[in-house]
Amino acid sequence: MKTAWRLQDKGVILNSPLQTVHAEIKSLEPISPLLLNGSLKGPAQDALRVLQSKALNQKLGYLADAFSLTGQSRTELKLQVPLALPMMRPMRLMGQFILMITT
């Protein structure tokens, strides 16, 4: 399938710079979701703040509140944003959190 739209750029989430970002809409007719993929490296505290955000923390049963992190981390994110009306489907967020342990 031919991609209708694609963007690659860089940005920052909290204090963590995004390393590579890909944004894509696979089809405009019919409209498909906006797909965002990216990775960020930075303070582990930034990743913990994301996990402690209201929506994610509730889904995790407030487990993130029990943690304290220092050092660096890498986070891989995938976000799917529905563009069709009515927006019956919620946004989807998938991610992987990697701690960089030093001794």
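**Quick word on the overall build of the protein**
For the protein, the count of helices and strands is 2 helices and 6 strands. Reading the protein from its N end, one meets helices and strands in the order β-β-β-β-α-α-β-β. Here the protein holds 103 residues, and the buried ones make up 23% of them. Sequence separation of at least 24 residues holds for 47% of the intrachain contacts in the protein that already meet a minimum separation of 6. On the protein, roughly 7700 Å² of surface is accessible, and the fraction owed to carbon and sulfur atoms is 59%.

**Notes on unusual backbone geometry**
Between glutamate 29 and the following residue, proline 30, the backbone shows a cis peptide bond with an omega angle of -5°. Looking at where proline 30 falls in the secondary structure, it is placed in the loop between strand 3 (16-25) and strand 4 (34-43).

**Observations regarding the side chain of aspartate 46**
Its place among the elements puts aspartate 46 in helix 1 (residues 44-51). What aspartate 46 contacts, discounting residues up to four positions off in sequence, is Ile13, Leu14, Asn15 and Ser16.

**Looking at the environment of arginine 74**
Residue placement: arginine 74 occurs in strand 5 (residues 72-81). A polar contact of 3.0 Å, which involves the side chain of arginine 74, links it to the side chain of glutamate 76.

**Here we look at the environment of proline 17**
Locating proline 17 in the fold gives a position in strand 3. The partly exposed category is assigned to proline 17, whose relative accessible area is 38%. When the C-alpha positions of proline 17 and serine 39 are compared, they lie 8.5 Å apart, and in sequence the two are 22 residues distant. Beyond its immediate stretch of four places on either side in the chain, proline 17 contacts Gly11, Val12, Ser39, Leu40 and Lys41.

**Some details on the pairing of strand 4**
Summarising the sheet, strand 3 and strand 4 pair through 7 bridges and their orientation is antiparallel. The residue bridging glutamate 24 from the neighbouring strand is leucine 35, located in strand 4.

**Regarding the pattern of salt bridges**
Following the criterion strictly, the structure yields 1 salt bridge and no others. In this structure, arginine 74 and glutamate 76 form a salt bridge, with 3.0 Å as the shortest nitrogen-oxygen distance. Taking the relative accessible area as the measure of exposure, arginine 74 reaches 31% and is therefore partly exposed. Glutamate 76 gets classed as partly exposed once you look at its relative accessible area, which sits at 28%.

**Re the side chain of serine 27**
With respect to the secondary-structure elements, serine 27 resides in the loop between strand 3 and strand 4. Judged by relative accessible area, which is 16%, serine 27 ranks as buried. There is a polar contact of 3.3 Å between the side chain of serine 27 and the backbone oxygen of glutamate 29.

Rules and cut-offs
Residues numbered from 1 in each chain as written. Predicted model: local features only at pLDDT ≥ 70, side-chain atom pairs only at ≥ 80, totals over all residues. Heavy atoms only, no water. Helix = DSSP H or I, 4+ residues; strand = E, 2+ residues; numbered from the N terminus. Buried < 20%, exposed > 50% of the residue type's maximum accessible area, 1.4 Å probe, protein only. Contact = heavy atoms within 4.5 Å. Areas by Shrake-Rupley, 256 points an atom, 1.4 Å probe, with all protein chains shown as cover. Polar contact = N/O pair within 3.5 Å; in protein donor to acceptor, adjacent residues only side chain to side chain. Pairing = 2+ DSSP bridges. Salt bridge = Lys/Arg side-chain N within 4 Å of Asp/Glu carboxyl O.

Nothing here speaks to function; it is all geometry.
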